[in-house]
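Topology and contacts: notes
Chain by chain, the residues run as shown.
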Amino acid sequence: MKYFIQSIFLLSALLAVNGCNFNNRPYDTLMLRLKEDISTTDPAYIVDVDGSNIAAYLYNGLVKLDKSMQIVPDIAERWEISNDGLSYRFFIRTDVKFTTGEYCTAEHIKRSFMRILDPLICSPRSWIFEQVDGASDYIRGLTGEVTGFMVISPHIFQIQLKEPFAPFLSLLTMPNAFVGIPANTAPAYIIGTGPFYIEKWIRGDKLLLRQNPSYFEGAPHIEHILIRVIPEDFTAITEFETGMLDIMDIPSAEFEYFTRNTLWKDSVHSVELLNTYYLGFNCQKEPCSDVQFRRTVASGISTDKIIQYYFQNRVEKAVSPVPSALLKPYGIEVNNFNVDTSGTDTNMPPITLTFNSNSEMQAIAELIQYDLANIGIDITLEALEWTAFKEKVSAGNADIFLLSWWADYPDIENFLYPVFHSSNWGSAGNRARYKNNEFDAAVTQARSVSGHEMQSKLYQHALDIIMQDMPWRVLWHKKKFVVCQPWVKGFSLSPISWIDKGATLFLEKK
Amino acid sequence: MRRYLLKKAGEIVPVLIGVTVIAFLLLKFAPGDPLYAIIGERISKDRFEQLKLNESNSPSSFIKQYGMYAAGIIKGNFGVSYITRQPVMKEYVKRFPNTFRLAVISVAFAIITGIAVGIIASVAKCQWIRIVFAFFATAGISTPVFWFGLLLIFIFSRMLHVVPASGMGDGKMIYIVLPAVTLGSRSAAYIARMTQSCMDDIMHSAYINAVRARGIRPLPVVLKHALKNALIPIITLIGLDFGSYLNGSVLTETIFGWNGVGRYLVYAITQRDYPVIMGGVVLGAAFFIVINIVIDICYVYVDPRIELK
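Since this is a predicted model, take the numbers as computed values, not measurements.

Observations concerning the overall build of chain A
Across its full length, chain A carries 15 helices and 22 strands. Rg of the C-alpha trace for chain A: 25 Å, near the compact-globule value of 24 Å for 510 residues, within the 12% margin. Referenced to the eigenvectors of the C-alpha coordinate spread, the extents of chain A come out at roughly 85 × 70 × 40 Å. A separation of at least 24 residues holds for 68% of the contacts in chain A among residues at least 6 apart in sequence. When the accessible surface of chain A is totalled, it reaches about 20,900 Å², and 51% of it is carbon and sulfur. Both charge centroids of chain A, one from 45 positive and one from 59 negative side chains, sit 5 Å from each other.

Points about the interface of chain A and chain B
Each side of the interface is counted separately: chain A has 56 residues, and chain B has 52 residues. Together chain A and chain B conceal approximately 4,700 Å² of surface at their shared face, both sides included; 55% is due to carbon and sulfur atoms. At the boundary of chain A with chain B, the tally comes to three salt bridges. One salt bridge connects Asp170(B) with Lys206(A), and the closest N-O pair in it is separated by 2.9 Å. If you look at where chain A meets chain B, you find nine residue pairs in polar contact (both at pLDDT 80 or more). For the side of chain A that touches chain B, the elements supplying multiple residues, two or more each, are α1 (2-19), β10 (196-202), β12 (224-229), α6 (233-241), α12 (386-394) and α13 (417-420) of chain A. Of the residues belonging to the side of chain A that touches chain B, the class tally is 24 nonpolar, 15 polar and 17 charged.

Considerations on the pairing of strand β7 (residues 156-160) of chain A
In the case of a regular strand, side chains alternate between the two sheet surfaces. All names here are of chain A. Most of β7 sits inside the fold, with four of its five residues counted as buried. Pairing of strand β5 (residues 87-92) with β7 involves five bridges; the strand directions are antiparallel. Paired with Phe91 across the two strands is Ile156, which belongs to β7. Here strand β6 (residues 149-153) runs beside β7; their pairing, made up of four bridges, is antiparallel. Across the sheet, residue Ser153 finds its bridge partner in β7, namely Ile156. What sits between β6 and β7 in their antiparallel hairpin is a turn of two residues.

Some remarks on the sheet that holds strand β4 (residues 76-81) of chain A
Residue and element names in this part refer to chain A. Taking strand neighbours across the sheet as the criterion, the four strands line up as β4-β5-β7-β6 in an open arrangement whose pairing is antiparallel. Pairing within the sheet leaves two strands with one partner each, and these edge strands are β4 and β6. Pairwise comparison of adjacent strand axes, ignoring direction, gives a mean angle of 20° for this sheet. In the packing of helix α3 (residues 106-117) onto the sheet, contacts are made with β5, β6 and β7, and the angle to β6 comes to roughly 175°.

Considerations on the packing of helix α10 (residues 218-246) of chain B against helix α13 (residues 274-302) of chain B
Residue and element names in this part refer to chain B. Close contact between α10 and α13 brings their axes to 9 Å; oriented N to C, the two are set at 165°. With respect to their mutual orientation, α10 and α13 come out roughly antiparallel. For α10 against α13, the interelement crossing comes out right-handed. Here α10 contributes Lys228, Leu231, Ile232, Ile235, Thr236, Gly239, Leu240, Phe242, Gly243, Ser244 and Leu246 to the contact with α13, which in turn contributes Phe287, Phe288, Ile291, Asn292, Ile295, Cys298, Tyr299, Tyr301 and Val302.

Some points on the nonpolar core
Core analysis: the biggest nonpolar cluster contains 73 residues, and Leu209(A), Ile225(A), Ile247(A), Leu416(A) and Phe439(A) have the highest contact counts within it. No other element matches the seven residues that helix α15 (residues 452-469) of chain A contributes to this core. The residues touching Leu416(A), leaving out its near neighbours within four places in the chain, are Val322(A), His421(A), Phe439(A), Val443(A), Tyr459(A), Ala462(A) and Leu463(A). Core analysis: the second largest hydrophobic core is formed by 55 residues, Ile115(B), Leu237(B), Tyr264(B) and Ile277(B) among them.

A short note on the packing of aromatic side chains
Residues and elements named next belong to chain A. A full pass over the atoms with the stated rule returns 35 aromatic pairs over all chains. Here Tyr330 and Tyr459 contribute two aromatic rings whose centre-to-centre distance is 5.4 Å and whose plane-to-plane angle is 75°, an arrangement assigned as edge-to-face. Of this pair, Tyr330 sits in the loop between α10 (324-327) and β17 (351-356) while Tyr459 sits in helix α15, placing them 129 residues apart in sequence. As far as the burial class goes, Tyr330 and Tyr459 line up, both buried. For the ring pair Tyr434 and Phe439, a centre distance of 6.0 Å and an interplane angle of 70° mean the geometry is edge-to-face. Its relative accessible area of 2% is what places Tyr434 among the buried residues. On the basis of relative accessibility, which here comes to 0%, the residue Phe439 falls in the buried class. Grouped by ring-pair contacts, the aromatic residues Tyr278, Phe401, Phe420, Tyr434, Phe439 and Trp472 constitute a single cluster. Geometry around Trp201 places Arg203 over its ring, the cationic atom sitting 4.1 Å from the centre.

Topic: the pattern of salt bridges
Oppositely charged side chains can pair when the atoms bearing their charge come close. Residues and elements named next belong to chain A. Enumeration over the complete set of coordinates arrives at 26 salt bridges over all chains. Notably, a salt bridge pairs Asp233 with Arg33, separated by 3.0 Å at the nearest N-O pair. Of this pair, Asp233 sits in helix α6 while Arg33 sits in strand β1 (residues 29-34), placing them 200 residues apart in sequence. Asp233 gets classed as partly exposed once you look at its relative accessible area, which sits at 25%.

Quick word on the confidence of the model for chain B
Residue and element names in this part refer to chain B. Within chain B, residue pLDDT values average 85, and 97% of them lie at 70 or more. Mean pLDDT per element in chain B: helix α3 (residues 45-56) is the minimum at 74, and helix α7 (residues 145-159) is the maximum at 92. Overall fold confidence (pTM) sits at 0.87, and the ipTM for the predicted complex is 0.86.

Some details on the sheet that holds β10(A)
All names here are of chain A. Across the sheet, which stays open at both edges, the four strands sit in the order β1-β12-β11-β10 with mixed pairing between neighbours. Each edge of the open sheet is held by one strand with a lone partner, namely β1 and β10. With direction set aside, neighbouring strand axes in the sheet form an average angle of 20°. Of the strands in this sheet, β1, β10, β11 (206-211) and β12 touch helix α2 (residues 49-58), which is tilted by about 130° from β10.

Some details on the packing of helix α5 (residues 88-123) of chain B against helix α6 (residues 127-142) of chain B
Helices that pack against each other are described as a pair by the angle of their axes relative to one another and the distance between those axes. Residues and elements named next belong to chain B. In the contact formed by α5 and α6, the axes pass within 8 Å of each other and the chain directions differ by 150°. When the axes of α5 and α6 are compared, the pair comes out roughly antiparallel. Remark: the crossing between α5 and α6 carries left-handed chirality. Residue-level inspection shows Val117, Ile120, Ala121 and Ser122 of α5 in contact with α6, the latter providing Ile129, Arg130 and Phe133. Of the residues in the contact of α5 with α6, the class split is five nonpolar, one polar and one charged.

A look at unusual backbone geometry
Across the junction of Glu286(A) and Pro287(A), the peptide omega takes the value -5°, indicating a cis bond. Despite not being glycine, Cys122(A) has its phi angle at roughly 60°, a positive value. Looking at the element boundaries, Cys122(A) is found in the loop between α3 and α4 (135-139). Judged by its relative accessible area of 7%, Cys122(A) is buried. Despite not being glycine, Arg85(B) shows a phi value in the positive range, around 60°. Relative to the elements of secondary structure, Arg85(B) occurs in the loop between α4 (62-74) and α5.

Cut-off values and rules
- Residues numbered from 1 in each chain as written.
- Chains lettered and ligands numbered in written order.
- Predicted model: local features only at pLDDT ≥ 70, side-chain atom pairs only at ≥ 80, totals over all residues.
- Heavy atoms only, no water.
- Helix = DSSP H or I, 4+ residues; strand = E, 2+ residues; numbered from the N terminus.
- Rg over C-alpha atoms; globule rule 2.2 N^0.38 Å.
- Contact = heavy atoms within 4.5 Å.
- Areas by Shrake-Rupley, 256 points an atom, 1.4 Å probe, with all protein chains shown as cover.
- Lys, Arg positive; Asp, Glu negative; His and termini not counted.
- Charge placed at Lys NZ, Arg CZ, Asp CG, Glu CD.
- Buried area = accessible area lost by both parts, 1.4 Å probe.
- Salt bridge = Lys/Arg side-chain N within 4 Å of Asp/Glu carboxyl O.
- Polar contact = N/O pair within 3.5 Å; in protein donor to acceptor, adjacent residues only side chain to side chain.
- Nonpolar A, V, L, I, M, F, W, Y, C, P; charged D, E, K, R; others polar.
- Buried < 20%, exposed > 50% of the residue type's maximum accessible area, 1.4 Å probe, protein only.
- Pairing = 2+ DSSP bridges.
- Axes fitted to C-alpha atoms, helices over the stretch in contact; angles between N-to-C directions.
- Parallel < 35°, antiparallel > 145°, perpendicular 65-115°, else oblique.
- Left-handed = near helix turned anticlockwise from the far one by under 90°.
- Core = buried A, V, L, I, M, F, W, Y, C linked by side-chain atoms within 4.5 Å.
- Phe/Tyr/Trp six-rings, centres within 6.5 Å; stacked < 30°, edge-to-face > 60°.
- Lys NZ or Arg CZ within 6 Å of the ring centre and 35° of its normal.
- pLDDT = per-residue confidence, 0-100.

Structure representation (structure tokens):
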């Protein structure tokens, strides 16, 4: 018994010595949370939002988005677009250095972009350069060069497109178009020019970024960014409340706590993200191929009630597939087309609503099932694991399905062409398998014309067709809610999260 | 002993082959293509087929695929994760020491508290002490791990600020306190129950009376003579729990952000990361087999009447 008591005391003393300073944190380090670790920081492979946000700290693109979603210079100090819309000439800043100290030149940019198209790299985002002259031959391994990437001089880089493509500059703001070169010693590690670089990455545990003192826009104010993997929401909240996290996405279950608590409610930031949640109809399958049926189903769903009672107004009601922030620059209005649906035959075999098996989608599916039962339409619910769900919907085997579309870049084209153009059926984006030749023609033309007025007219026409044909029953746009510690300064949210490069943030602990 | 070990080593091979075949078959017929988890959006049909060809990079026949995989295992190569593009073995080896540390400390906590509580509950003459200890043992068994973990975080991290809520703390001992107590609590409760019931039987047996009659003091009677005879079922229990903890404790690792193999495998399952799932299943099965052999050997030391054949 004596030894037992002694060992307990010894253990306690060890614990005290080992962990007495666990809650002393440095205030030159920004502490963030990830719910799950990111899979990669390589621009060629990034497809997720968290990965994109971290890539923004590490790399720069030729151009970037500012807080008002305008395209502004980044590595390129200016650019010129030829009158025919085929040539984009970028003038590279002379003071941009990689974190290894090497100056960034047009040759580096060419190498970086060619990596995305490299058949051996197999990037899932090679489509961002599919409009570049010679890209498709290079992807297929038919040539060893991309003729459309041209190094004019060490500081002039030119991209030649095979046909005019108006949103091309927007595509260059995507994380996959960030400039990065493989390290000589470890080719899997991609070196960037960003305000931070990776000091330590313990996969599944934490990612530590360190300030790049020679960042071309001036060294960031904070020394480190520590991103910890904390899967459990309650644990993350405890870490936040004990001051061990600086910025945290508010978990939906704790929304009311943070927005009502006097300590935190003034520190809550929110922004409407560029996304649309929708109920998709398989337009090639009976009975959803009938527009009248689609409109009947659409009219039976009470989005307002779901938003009010399920989401407690944490989402914004959608009125069109395109978020309103992307309609404004073109002056496009959403026109609703009221069609009499009283004659629709609802007496038909039950259809199946397929969705990804998580608790939120399950609840929404059940509410939709209830709404539709009230207008005499029976639906059965089918919850599938994510890959099985995507496979089924992409193959066109689902009747109706719950899904969302998130912006790759802030342009109306991103919410029309990939998701409704008939050339994109399935995994390319058009999972509703919608086809309308008039829409196809309008949106194809809008992508290639350069006049803003002409584009507006064409996009307005395209959107009107979608609002009439209703391949989607649009539901809502998700918002992001974030809570910040009072010592975090210079923080703001953007509809596209990888705009923030973390260079202007600082911590001021009084 | 040597013959026994050789025999057991021979048995490991067919068991592992069985495990790999079953896991391989299950994953083969599971719905959903793992490629959908990594490609994101806007992948045309042609590009999808091209990526699929590059990612799978394996023969079409199932037997050949299995043969390639088995050959890789023999060389210690479990393939490359679809999601992180890192070798499975490398990722597993990085996380396993964390799981091992958590398992060892949890089991140590469970053994110390479980046996102590079990003995006290058994030998206490006062009825209410027995009732209180029995209550805590039952409560320990009935309490869900995730709830207990969150309760500990709420009390000791959120309210009292005496221990960190999550993370690995670069190996600092204080970070393992809450995960180890959470994980070990249920084992401790089972061990306490088992110890109490075994001790109850043994303390009334003739040979304990004989020991007492020789004038030996009560504490050595309990610890040297009674407890040793009660250890066989307790060792079985500890061994099974330890084997299970070595395969990762998903709930505990998730709640406390502990970077162990359990969380790694569950994330792989949600992402359809087949090479990681297969690697985890094979290594997990191997650990269980080894632990069972160690338990068998422990029996011999505790009770010399047992022979290993």
